[in-house]
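Next come the chains, spelled out residue by residue.
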Amino acid sequence: METLQKPAGQVKLTVTPVSDLADRPVHVRVTGLHPTQLVMFKASLKDERGNLFQSRAVYRANSAGEVDLQQDPSLGGDYMGVHPMGLFWSLKPEKAFLRLTKRDVMNRPFQVTLDLYDSASFQDDSRQPRASQITERWFSCPGMQRVPISEGRLRGALFLPPGEGPFPGVIDLFGGIGGLVEFRASLLATHGFAVLALAYFAYEDLPKYPREFDLEYFEEAANFLLAHSKVQKPGIGVLSASKGTEFGLAMASYLKQVVATVCINGPVTISNIPLRYKDLVMKPFGISAERVQVHPSGGLIFRHHETNLQEEQNQQRALPVEKAQGHILFIIGENDECVNSRRHAEYAVDRLKKHGKNNGRILLYPGAGHLLEPPYAPLCYASGHLSFPCPLIWGGDTILHAAAQEHSWGEIQKFFRQHLVLSRSKL
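The present account deals with the structure reproduced in this document. What you see is a predicted model; the values in this text were computed from it and never measured.

1. Some points on the overall build of the chain
Right, on to step 1. Each helix and strand counted, the chain has eight helices and 25 strands in total.
Right, on to step 2. In terms of C-alpha radius of gyration, the chain reaches 23 Å, essentially the compact-globule figure of 22 Å for 427 residues.
Right, on to step 3. Counting every position in the chain, which comprises 427 residues, the buried fraction comes to 57%.
Right, on to step 4. Roughly 18100 Å² of accessible area belongs to the chain as shown, and the carbon and sulfur atoms make up 51% of that amount.
Right, on to step 5. The distance from the centre of the 46 positive side-chain charges to the centre of the 43 negative ones in the chain is 2 Å.

2. A word on helix H6 (residues 341-354)
Right, on to step 1. Taking 1.5 Å per residue, 14 residues should reach 20 Å; H6 reaches 20 Å between its end C-alpha atoms and fits that length.
Right, on to step 2. For H6, the full list of buried residues reads Ser341, His344, Ala345, Tyr347, Ala348, Val349, Arg351 and Leu352.
Right, on to step 3. Note on H6: the residue one or two positions beyond its end, Gly356, has a positive phi of about 75°.

3. Some remarks on the sheet that holds strand E13 (residues 169-173)
Hydrogen bonding along the main chain pairs the strands of a sheet, whether they run parallel or antiparallel.
Right, on to step 1. Strand order in the open sheet made by the eight strands is E11-E12-E14-E13-E16-E17-E22-E23, with mixed pairing throughout. A strand with exactly one partner marks an edge of an open sheet, and here the two such strands are strand E11 (145-151) and strand E23 (360-365). Averaged over all adjacent pairs, the angle separating strand axes in this sheet is 20°, with direction ignored.
Right, on to step 2. Across four bridges, E13 lies against strand E14 (residues 194-199) in parallel orientation. Directly across from Val170, in E14, lies its bridge partner Val195.
Right, on to step 3. Its contacts with the sheet place helix H7 (residues 398-421) against E13, strand E16 (236-241), strand E17 (258-264), strand E22 (327-333) and E23, and it is angled at close to 170° to E17.

4. Points about the pattern of salt bridges
Right, on to step 1. Counted by the stated rule, this structure contains 19 salt bridges.
Right, on to step 2. Between Arg153 and Glu220 there is a salt bridge whose closest N-O contact spans 2.7 Å. With Arg153 in the loop between E11 and strand E12 (154-160) and Glu220 in helix H3 (residues 215-227), the pair connects residues that are 67 residues apart, well separated along the chain.
Right, on to step 3. The partner of Arg342 in a salt bridge is Glu346, and the shortest N-O contact between them spans 2.7 Å.

5. Remarks on the environment of Cys338
Right, on to step 1. Inspection of the secondary structure puts Cys338 in the loop between E22 and H6.
Right, on to step 2. In sequence terms Cys338 and Gly169 are 169 residues apart; their C-alpha atoms lie 29 Å from each other.

6. What about unusual backbone geometry?
Residues apart from glycine generally show negative phi values, whereas peptide bonds are mostly found in trans.
Right, on to step 1. With an omega of 0°, the peptide bond running from Gly165 to Pro166 counts as cis.
Right, on to step 2. Note on placement: Pro166 falls in the loop between E12 and E13.
Right, on to step 3. Of note, the amide linkage connecting Lys233 to Pro234 takes the cis form, showing an omega dihedral of 0°.
Right, on to step 4. Among the secondary structure elements, Pro234 is positioned in the loop between H3 and E16.
Right, on to step 5. Its identity as a non-glycine residue notwithstanding, Phe97 has a phi of 65°, on the positive side.
Right, on to step 6. Topologically, Phe97 is positioned in the loop between strand E8 (92-93) and strand E9 (110-117).

7. So, the pairing of strand E25 (residues 388-393)
Right, on to step 1. Pairing of strand E24 (residues 382-385) with E25 involves three bridges; the strand directions are antiparallel. Within E25, the residue paired with His385 across the bridge is Phe388.
Right, on to step 2. Between E24 and E25, which pair antiparallel in sequence order, lie two residues.

8. Details of the side chain of Gln232
Right, on to step 1. By secondary structure assignment, the location of Gln232 is in the loop between H3 and E16.
Right, on to step 2. In this structure Gln232 comes out as buried when scored by relative accessible area, which is 4%.
Right, on to step 3. At a separation of 2.6 Å, a polar atom in the side chain of Gln232 contacts the main-chain carbonyl oxygen of Leu420.

Rules used throughout
- Residues numbered from 1 in each chain as written.
- Predicted model: local features only at pLDDT ≥ 70, side-chain atom pairs only at ≥ 80, totals over all residues.
- Heavy atoms only, no water.
- Helix = DSSP H or I, 4+ residues; strand = E, 2+ residues; numbered from the N terminus.
- Rg over C-alpha atoms; globule rule 2.2 N^0.38 Å.
- Buried < 20%, exposed > 50% of the residue type's maximum accessible area, 1.4 Å probe, protein only.
- Areas by Shrake-Rupley, 256 points an atom, 1.4 Å probe, with all protein chains shown as cover.
- Lys, Arg positive; Asp, Glu negative; His and termini not counted.
- Charge placed at Lys NZ, Arg CZ, Asp CG, Glu CD.
- Expected span 1.5 Å × (residues − 1).
- Pairing = 2+ DSSP bridges.
- Axes fitted to C-alpha atoms, helices over the stretch in contact; angles between N-to-C directions.
- Contact = heavy atoms within 4.5 Å.
- Salt bridge = Lys/Arg side-chain N within 4 Å of Asp/Glu carboxyl O.
- Polar contact = N/O pair within 3.5 Å; in protein donor to acceptor, adjacent residues only side chain to side chain.

Here is the structure:
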C-alpha cells in the first residue's frame, strides 16, 4: 500500500456545514495531500444505546493534492463511484441486524466522526488518523415544538414548526415495530408541516399484542389534529409505512378528513390482526409458514407469502380504496423482501381506475428495499422485530436504496403541499 509522509498541519479535512439537519447533504473535502495520493475515509457513529455504525471508502487525490466528494469517485470500500453522501448512507452496524433509529429527536443530534487516513489499508484501525472532523446531524430545528400527546385514548407526539401557522397537518404511522417512532415526523416538521407521530400499540398503556385494531382510534387522531389551532383546515395527510399503510389506506377509504395519503411499501389488505370500524370488522389474512423463506443469514423473507389479489373472495376482503375521496401516493421499493408491495400498489391503482378514479399514483424505485427512510439514513437490510423470534429481511441495494430515499423524500413533501395546501380552496 502507498504510504506518504507529509509535514503535520498541512492536510485539512472540511465538512460544510459542520452542523445541519439529517436530511440535508454536506460537502466533504480534503486539501494538502500529495498529488495522486491514496487515502481512506472512515465514518463512525454511535447511536443512543452505544451501538457502533461505521463505513469506509478509498479515494485518490487529484493533481492538486485534493479530494472532493462532490466530484471524485470512491475507488473501493463500502461503495464505489461519485456519491457525495456515501459515507453516511453506507454506515453499517458493528452488531448484525441493528437498525439505526434516532430516539431523542429534540435535544441531541447524531454525531458522525469522519477520519482521514494516509493509506488505503482496511486492516489496522490502531493508526492515528491524519485529520478528523465531527459533524452533527439534527432531527429538529430552532423554534420547533414537541408536544407529548395523551388525550383520551391517543398516545403520540405532535411536532409544530416555528411560526404562527396554520400548517398543513400530517399523521405519521410506522409499521409493526410498535412503540412511538418520531424521527420522520420531526424531520418533516422542519419543512413546515404539523406532524403527529402516532403510536397505536406497544407504547405506554396501549396493548403490546392487540387482539384487534380500531379505526376509530385513528379517526380520533385525525379529529384531534384538525382541531388544533395551528393546523390548517379542512383536511389532513397521512404518511404511512409497512404495517402502517393498512391504517393509512383504511383512513383514506373511510375518513373524509384524510385528503392525501402516502403509503410506503405496504399491503392493500389487513394482515394478522382484525381491523374494526364501528360495526364493520375487516378480517385479516394470516401467515402461511410454508410460504416464508429463510435467508442464509437466518432472517425471514416474507415477500413470497402473499394474498392472491386476483381471486374474487380476496378482492372482497381487500381495503375498499375506491371509496377514497383524497389522493394516494404509493412509494414502492422493487427489492422489498418483506411485502410484494408493487403488486399490492398496482392492484389498488387498478381498482381505483375500474371505479372511474385517477386519484392513485405509484412511484417505483428499482433496487430499493422495504425500509425507505428520510435521505442519507443507512440501508437496514435486516433487523429484529417485536413479533418474530428471527430477524426479518427488508432488502435493498445500498446505492439504489439511498437514491430512492433522497428522491422520495422530496416527492412526499411535494405531494402533501399540492394536496393539503390546495385542499383549502378545493373543499
